[in-house]
Amino acid sequence: SSNTSGSSPLTFILTGIPGLLMSSSWMALPLCCLYLLMLLGNCTLLWTIKTDYSLHMPMYHLLSMLAVADLGLSLSTLPTMLAIFCFKSTSLRFEACIVQMYFIHSFSAIESGVLVAMAFDRFIAVCYPLHYASVLTNSLIKKVGAVIFTRGICVVLPVAVLIKRMPFCGYNVLSHSFCLHQDMLRLVCGDVSVNSLYGLIAVILTKGLDSLTILLSYTMIIRAIMSIVSQEARGKAFSTCISHLCAVLIFYIPLIGLSITHRFGRHLPPLTHTLLADAYLLVPPILNPLVYSWKTKQIRRRILILLCQRG
């Protein structure tokens, strides 16, 4: 329980996987392997793009931003996940919980924004290929990246400020191995209407608008592809979008599932909420480097060359 009724608790108690005993240390090994795979994949992607000047193009600059967002998202959850499953430490100070929540939601908003920019990149490449180099310049991509990161930082900041001022009382056990805004909000014993309203506005301004923009972009991309007469050219045009489509689905499917279960799935078992939250935060940073390394010929070739040189 928290310390004083109507005051902020000194600590929150984090939850591992429901039904799994904290003494089950066998979870620590696969978890560490997943984080190592995430670090290796995204760092290799960043290093490959940085060292190969032929990859210094708008598409790959955006891919670098996606890797940075994935790294930030994973590293935000790393301390508490490892503390729970490796060291059996489940308590987290209130201030640290707010900081973790802020970084998780900020990097999530940043990744969503990068996916929108990548959708615009694919839209120009497919619909206006002759104008690609003149429209998407490196300077424009840098400005877009600055806007995306600034939006992610600024939109989520009021969420952290508002919840820091809220009174907590009684039950202070969170449902996940990390701090999420929705999870912390249900422990507040005061009026949360302002927090809920702004949280909804923040989601609409980020993930809501982003998903609609991506959907609109692919509607126009599909129309442009279907207008191509040659079957071979049509398949080639669509293949340039597969990696990005995979990244969008990997990110948005767990996110939508988690949002729905938080608002309407309170009757579902706790394990469902836990698995969706873990998938939302762990799966995209692990799979995105694998998808882009596998589907992008230039990156795959460059990695193979580097491995051969190392060998």
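These figures come from a predicted structure and were not determined experimentally.

**Some remarks on the overall build of the chain**
Okay, step 1: The secondary structure content of the chain amounts to eleven helices and two strands.
Okay, step 2: What you see in the chain, going N to C, is helices and strands ordered as β-α-α-β-α-α-α-α-α-α-α-α-α.
Okay, step 3: Rg of the C-alpha trace for the chain: 21 Å, near the compact-globule value of 19 Å for 311 residues, within the 12% margin.
Okay, step 4: In terms of overall dimensions, the chain has C-alpha extents of about 70 × 45 × 35 Å along its principal axes.
Okay, step 5: Residues counted as buried form 46% of the 311 residues belonging to the chain.
Okay, step 6: Restricting the contact set of the chain to residue pairs at least 6 apart, pairs at least 24 apart contribute 79%.
Okay, step 7: Entry remark: accessible area of the chain is about 15,600 Å², with carbon and sulfur atoms responsible for 71%.
Okay, step 8: Seen as two clouds, the 22 positive and the 10 negative side-chain charges of the chain have centres 5 Å apart.

**Description of the UniProt feature "transmembrane region" (unreviewed entry) in the chain**
Okay, step 1: When the UniProt feature table is mapped to this numbering, "transmembrane region" (unreviewed entry) covers residues 12-40, 60-87, 99-120, 140-163, 241-260 and 272-292.
Okay, step 2: Helix makes up 100% of residues 60-87 and strand makes up 0%, while its end C-alpha atoms are separated by 39 Å.

**Things to note about the state of the cysteines**
Okay, step 1: Inspection of the entire model under this criterion finds one disulfide.
Okay, step 2: Sulfur-sulfur distance for the disulfide between Cys97 and Cys179 comes to 1.9 Å. Given an S-S torsion of about -120 degrees, the disulfide between Cys97 and Cys179 has left-handed geometry. Note that Cys97 is positioned in helix α3 (residues 94-127) and Cys179 in the loop between α5 (138-164) and α6 (181-185), a separation of 82 residues in sequence.
Okay, step 3: The closest cysteine sulfur to the non-disulfide-bonded Cys127 is located on Cys241, 8.6 Å from its own sulfur.

**Topic: the nonpolar core**
Okay, step 1: Ranked by size, the top nonpolar core spans 80 residues in total, and within it Leu63, Leu115 and Met184 carry the most contacts.
Okay, step 2: The leading source of residues in this core is α3, at 17 residues.
Okay, step 3: Apart from the residues lying within four places of it in its own chain, the contact partners of Leu63 are Leu45, Ile49, Met118, Tyr292 and Ile299.

**A closer look at a positive patch on the surface**
Okay, step 1: Together, Lys236, Lys295, Lys297, Arg300 and Arg301 give the surface a local cluster of positive charge.
Okay, step 2: By residue number, the principal contributor to the positive patch is helix α11 (residues 297-310), which donates three residues.
Okay, step 3: By secondary structure assignment, the location of Lys236 is in helix α8 (residues 231-239).
Okay, step 4: Judged by relative accessible area, Lys236 falls into the exposed class, the value being 63%.

**Some points on the side chain of His105**
Okay, step 1: Tracing the sequence through the fold places His105 in helix α3.
Okay, step 2: The class for His105 is buried, based on a relative accessible area of 16%.
Okay, step 3: When residues no more than four places from it in sequence are discounted, the contact partners of His105 are Val156, Leu180, His181 and Gln182.

**A few points about a nonpolar patch on the surface**
Okay, step 1: On the surface, Leu37, Val283, Leu287 and Leu290 cluster together to form a nonpolar patch covering roughly 290 Å² of accessible area.
Okay, step 2: Tallying contributions element by element places helix α10 (residues 270-295) first for the nonpolar patch, with three residues.
Okay, step 3: One can find Leu37 in helix α1 (residues 28-51).

**What about the packing of aromatic side chains?**
Okay, step 1: In the structure shown here, the tally under the stated rule is nine aromatic pairs.
Okay, step 2: Arranged with centres 5.8 Å apart and planes meeting at 45 degrees, the rings of Phe12 and Phe94 form a pair that is tilted. Of this pair, Phe12 sits in strand β1 (residues 11-13) while Phe94 sits in helix α3, placing them 82 residues apart in sequence. The pair formed by Phe12 and Phe94 is uniform in burial state, with each residue classed as buried.
Okay, step 3: A centroid spacing of 5.8 Å and a plane angle of 75 degrees characterise the contact between Phe123 and Tyr128, whose relative ring orientation is edge-to-face.
Okay, step 4: You can call Phe123 buried: its relative accessible area is 13%.

**Some points on the pattern of salt bridges**
Okay, step 1: Applying the stated rule across the entire model yields four salt bridges.
Okay, step 2: With its nearest N and O atoms 2.7 Å apart, the salt bridge here joins Arg122 to Asp121.
Okay, step 3: Accessibility expressed as a relative area gives 9% for Arg122, which makes it buried.
Okay, step 4: Classification of Asp121 as buried rests on a relative accessible area of 2%.

Reading the values: the criteria
Residues numbered from 1 in each chain as written. Predicted model: local features only at pLDDT ≥ 70, side-chain atom pairs only at ≥ 80, totals over all residues. Heavy atoms only, no water. Helix = DSSP H or I, 4+ residues; strand = E, 2+ residues; numbered from the N terminus. Rg over C-alpha atoms; globule rule 2.2 N^0.38 Å. Buried < 20%, exposed > 50% of the residue type's maximum accessible area, 1.4 Å probe, protein only. Contact = heavy atoms within 4.5 Å. Areas by Shrake-Rupley, 256 points an atom, 1.4 Å probe, with all protein chains shown as cover. Lys, Arg positive; Asp, Glu negative; His and termini not counted. Charge placed at Lys NZ, Arg CZ, Asp CG, Glu CD. UniProt positions renumbered as here; feature names shortened; annotations may be inferred. Disulfide = S-S within 2.5 Å. Core = buried A, V, L, I, M, F, W, Y, C linked by side-chain atoms within 4.5 Å. Patch = residues over 30% accessible without salt bridge, like charges linked within 9 Å, V, L, I, M, F, W, Y side chains within 5 Å. Salt bridge = Lys/Arg side-chain N within 4 Å of Asp/Glu carboxyl O. Phe/Tyr/Trp six-rings, centres within 6.5 Å; stacked < 30°, edge-to-face > 60°.

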